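Summary of structural features
The chain contents come next:
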Amino acid sequence: MGRLVVVSNRVGPLKDTGRAGGLAVALVDALMETGGLWFGWSGNVSEEGSFGQMKTQKTRSVQMAQVDMTQADYDAFYAGYANRTLWPVLHYRLDLADFDHRFEQGYRYVNDRFATRLKPLIQDDDVIWVHDYHFLTFAASLRAMDVNNPLAFFLHIPFPAPEILAALPNAAGIVRAMLSYDLVGFQTERDASNFRRFVIEELGGVDEGDGHVRVNGRVVIAKAYAIGIDADAFSKFPMTPEARKNMTRLEKLLGGRQQIIGVDRIDYSKGLPERFKAFERLLEDYPENRGRVSMMQVAPPSRSELDAYIDIRRALDELTGHVNGRFSDLDWTPIRFMTRSFPRRVLAGIYRVSRVGLVTPLRDGMNLVAKEYVAAQRAEDPGVLVLSRFAGAAERMPEAVIVNPHSAEEVAAGLQRAITMPLEERRNRWQIMFDRLCQEDAAAWSRSIMEDVKTIRRN
Ligand code: ADP
C-alpha cells in the first residue's frame, strides 16, 4: 500500500506535547502506520509567501513540509474567505458573514499555489487526504494539474442546509470544486445529507444510494464519519501525577460543592453568553443550588483580531460580573471564568472532578470536549453530560441530557436534572456512551475513511 499524504492548514506536532489536540494525535497515528507526508501552512507570513523555500522535517517515517503565505494571501484566504465567509456561513450565521469576491479569488489562488508546491512531492500510489474548510477547492486545483491519485476530504465543521448555503455567492462553484474529491466526509448524517441534497437539487446530481452521488459521469462518496478521540488514552489522563495534583487543588477549593464545567475556545458558535444566562436561570429557578453549585468556564481566546470575538469576550466579562455580583456569598462564587488554556492531562482531571459537563454550542461540527468529558469520568461515580442538540456529537451521544441551547429555561432544567440524577442512572448512561467512544475512536475514524476512498475506481 502507498503512503498517506495529509494536507491541513496547520501541520503537526508529531509528538504528544500534552497540548496537541486530539486530531493531531489521530493523524499522526494514521501517518505512522503507512509512512507519509504532512503538508500545509507554516503559520508564517513572509514576502516570498508560497514561492519561498519549503520547510521540511522528518521524524521516523513521517515527513512534514510547510510553506509560507504572503500578507495578501493571509488577508484574503485565511482571515478573509476561511474565517469571515466560510466559518460563519457553515455555522449557519449569515448575519456575521462577509462577502467579497476578492476573498474567494484569494482563497482559490492559495489553494492553487499550495497544490503547485505539493505536486512534485506526490508519488504514484499515494492516497491524499485533505482537511477542513481551508481547502474545499484543493482537489480541483490538483486535478487541473493532472494529479490522479485517490483524493479524500474531511470537513471538520458543519455543512449547512442548501437553503443557508445558497446565500454564499458562487456556492454552486465551490460545491462543484468539492466534487473533484473522490470522497467527501462529514461529521454527521445531517451534514452529509445537506451536501448530497445541494448536489442533487442545485447541480443535477443523482442519488445512487449508500452515500454515493453521480454527477457529470463520476461517482463521489459523500458520507458521515464521526470523528472520535483516543478514548482509551484520554480516560487514563486523570490518573497522571500532573492531573492528580491539580484535582486535589480544585477539590479543596470546592469543599464538597458541585461544579459544572465548560471548556471552549471563545467563538460565537459556542453559545457562551447563552450558557452563562442559563446558569443564572438555574440559580433563579432552582434556588437550592445557591451556595452549592458553581460553574467554571475555561475559554482561551481564538482569532482575537476579529470584532465578533472581541464582543463576545466583553459580553462574558460583563455576565460574569453580573451573576457574581447578584449571587455571590462570603464563601461561594457562582462563576469562575478563565481565559487560559491547560495541558490536556490537567484538563482531563478538571473534567473528572466536575459533576456536570456543559457543552452548549449553537452549532458545532462535532465538539470533542463532549467526548473528552465522558472519557475522563470515573466508572463508579460518573458525571453527567448536558449537550446541545446542535453539536454534531449529539447524533452519537443520545444518552447525554440533550438541550436546546437557545432556551435558558430548558438548559437550566437540563442542569437541574443532571445535578439531581441518581447514581444508577448516571452509570447506565455513562457506560453506553463510554463503550461507544472506545469503539468509534480516532483510529476507527481514519481507518474507515481510508477504506472507503480506495473503493472508488477513477476512470
Ligand atoms: P473546536 O475545534 O471548535 O475548538 P472542539 O470541542 O471540537 O472545538 O475541540 C476543542 C479542543 O481544544 C478539545 O480537544 C479541547 O480539549 C481543547 N481545548 C479547548 N479549550 C482548551 C483549554 N482551555 N485548554 C486546553 N485545551 C483546550
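Definitions and cut-offs
Residues numbered from 1 in each chain as written. Predicted model: local features only at pLDDT ≥ 70, side-chain atom pairs only at ≥ 80, totals over all residues. Helix = DSSP H or I, 4+ residues; strand = E, 2+ residues; numbered from the N terminus. Rg over C-alpha atoms; globule rule 2.2 N^0.38 Å. Buried ≥ 20, exposed ≤ 12 C-beta atoms within 10 Å, placed from the backbone. Contact = placed C-beta atoms within 7 Å. Pairing = 2+ DSSP bridges. Axes fitted to C-alpha atoms, helices over the stretch in contact; angles between N-to-C directions. Right-handed = clockwise from strand over helix to strand, strands pointing away. Core = buried A, V, L, I, M, F, W, Y, C linked by C-beta atoms within 7 Å. pLDDT = per-residue confidence, 0-100. Near = placed C-beta within 6 Å. Nonpolar A, V, L, I, M, F, W, Y, C, P; charged D, E, K, R; others polar. Parallel < 35°, antiparallel > 145°, perpendicular 65-115°, else oblique. Left-handed = near helix turned anticlockwise from the far one by under 90°. Expected span 1.5 Å × (residues − 1).

**A word on the overall build of the protein chain**
- Broken down by element type, the protein chain carries 16 helices and 16 strands.
- Compactness check: the protein chain gives a C-alpha radius of gyration of 23 Å against a globular reference of 23 Å for 459 residues, within 12% of the reference.
- Its C-alpha atoms give the protein chain principal-axis dimensions of roughly 70 × 50 × 45 Å.
- Here the protein chain holds 459 residues, and the buried ones make up 48% of them.
- Relative to all contacts within the protein chain whose residues are 6 or more apart in sequence, the contacts with residues 24 or more apart total 75%.

**Here's the deal with the sheet that holds strand 8 (residues 206-209)**
- Taken in spatial order, the ten strands of this open sheet run 3-4-2-1-5-6-7-10-9-8, and their pairing is mixed. Since the sheet does not close on itself, it has two edges, and those belong to strand 3 (55-59) and strand 8, each with one partner. Across the sheet, the axes of successive neighbouring strands diverge by a mean angle of 20°, strand direction being ignored.
- Lying on the sheet, helix 7 (residues 189-203) is in contact with strand 7 (183-186), strand 8, strand 9 (212-215) and strand 10 (218-224); it crosses strand 10 at an angle near 150°.

**With respect to the pairing of strand 15 (residues 384-388)**
- Across the five residues of strand 15, five count as buried, placing the element largely inside the fold.
- The side-chain alternation of strand 15 yields two buried faces, one formed by Val384, Val386 and Ser388 and the other by Leu385 and Leu387.
- Bridge count for strand 14 (residues 356-359) against strand 15 is four bridges, and the pairing is parallel. Within strand 15, the residue paired with Leu358 across the bridge is Val386.
- As for the winding sense of the linkage, the β-α-β connection from strand 14 through helix 13 (residues 368-375) to strand 15 is right-handed.
- One ladder, built from three bridges, connects strand 15 with strand 16 (residues 401-403); its direction is parallel. Within the sheet, the bridge partner assigned to Ser388 lies in strand 16 and is Val403.

**Brief notes about the nonpolar core**
- Ranked by internal contacts, the top residues of the largest apolar core, which has 141 residues, are Ala152, Phe153, Ala370, Leu385, Val386 and Leu387.
- If you tally residues by element for this core, the top one is helix 2 (residues 71-90), at nine residues.
- Among all residues touching Leu385, those that are not within four sequence positions of it are Gly357, Val359, Ala370, Tyr373, Val374, Met397, Ala400 and Val401.

**A word on the environment of Gly204**
- For Gly204, the position within the fold is in the loop between helix 7 and strand 8.
- Through-space distance from the C-alpha of Gly204 to that of Ile174 is 15 Å; in sequence the pair is 30 residues apart.

**Considering the confidence of the model for the protein chain**
- This prediction gives the protein chain a mean pLDDT of 95; 97% of its residues lie at or above 70.
- Of all helices and strands in the protein chain, the one with the weakest mean pLDDT is helix 1 (residues 22-34) (80), whereas strand 15 scores best (99).

**Some details on the sheet that holds strand 13 (residues 335-338)**
- Strands sit in the order 13-12-11-14-15-16 across an open sheet of six strands; the sheet is parallel. The open sheet has two edge strands, strand 13 and strand 16, and neither has a second partner. Along the sheet, successive strands turn relative to each other by an average axial angle of 20°, direction set aside.
- Of the pairings in the sheet, the one linking strand 11 (residues 258-263) to strand 14 comprises two bridges and is parallel in character.

**A look at the site of the ligand**
- The environment of the ligand is formed by 14 residues, the closest being Arg265, Val298, Ser341, Leu368 and Val369.
- For the shell around the ligand, the element with the highest residue contribution is helix 13, accounting for three residues.
- Of the residues assigned to the shell around the ligand, the class counts are eight nonpolar, four polar and two charged.

**Some words on the packing of helix 6 (residues 171-178) against helix 7**
- Closest axis-to-axis distance for the helix 6/helix 7 pair is 11 Å, and the angle between their directions is 120°. Taken as axis vectors, helix 6 and helix 7 run oblique relative to one another. For the crossing formed where helix 6 meets helix 7, the hand is left-handed. Residues Ala172, Val175 and Arg176 of helix 6 form the contact with helix 7, whose participating residues are Phe198, Val199, Glu202 and Leu203.
- Split by residue class, the contact of helix 6 with helix 7 holds five nonpolar, no polar and two charged.

**Observations concerning unusual backbone geometry**
- Omega for the bond connecting Gly12 with Pro13 falls within 30 degrees of zero, at 0°, which places this linkage in the cis form.
- By the secondary structure assignment, Pro13 is in the loop between strand 1 (4-10) and helix 1.
- Phi at Asp146 takes a positive value of approximately 65°, unusual for a residue other than glycine.
- When you line up the elements, Asp146 lands in the loop between helix 4 (138-144) and strand 6 (151-154).
- A tally of 7 C-beta atoms within 10 Å means that Asp146 is categorised as exposed.
- Even without a glycine there, the phi angle at Asn216 is positive, about 45°.
- Tracing the sequence through the fold places Asn216 in the loop between strand 9 and strand 10.
- The exposure class assigned to Asn216 is exposed, which follows from the 10 C-beta atoms found within 10 Å.

**Here we look at helix 3 (residues 101-118)**
- Look at helix 3: 26 Å from first C-alpha to last across 18 residues, which is about the 26 Å you get at 1.5 Å a residue.
- The elements touched by buried residues of helix 3 are strand 1, strand 2 (36-45), strand 4 (62-69), helix 2 and helix 4.

**What about the environment of Gln416?**
- If you trace the backbone, Gln416 turns up in helix 14 (residues 408-419).
- In this structure Gln416 comes out as partly exposed when scored by C-beta crowding, with 18 C-beta atoms within 10 Å.
- Placed 134 residues apart in sequence, Gln416 and Leu282 show a C-alpha to C-alpha distance of 7.2 Å.
- Excluding residues that lie within four positions of it along the chain, Gln416 makes contacts with Leu282 and Tyr286.

**Describing the packing of helix 9 (residues 241-254) against helix 12 (residues 344-352)**
- With their axes 8 Å apart at the nearest point, helix 9 and helix 12 run at an angle of 40° to one another. One finds that helix 9 runs oblique with respect to helix 12. The interaxial crossing formed by helix 9 with helix 12 has right-handed handedness. Contact residues: helix 9 offers Glu242, Ala243, Arg244, Asn246, Met247 and Leu250, while helix 12 offers Arg345, Val346, Ala348, Gly349, Ile350 and Arg352.
- Taken together, the residues of the contact of helix 9 with helix 12 sort by class into six nonpolar, two polar and four charged.

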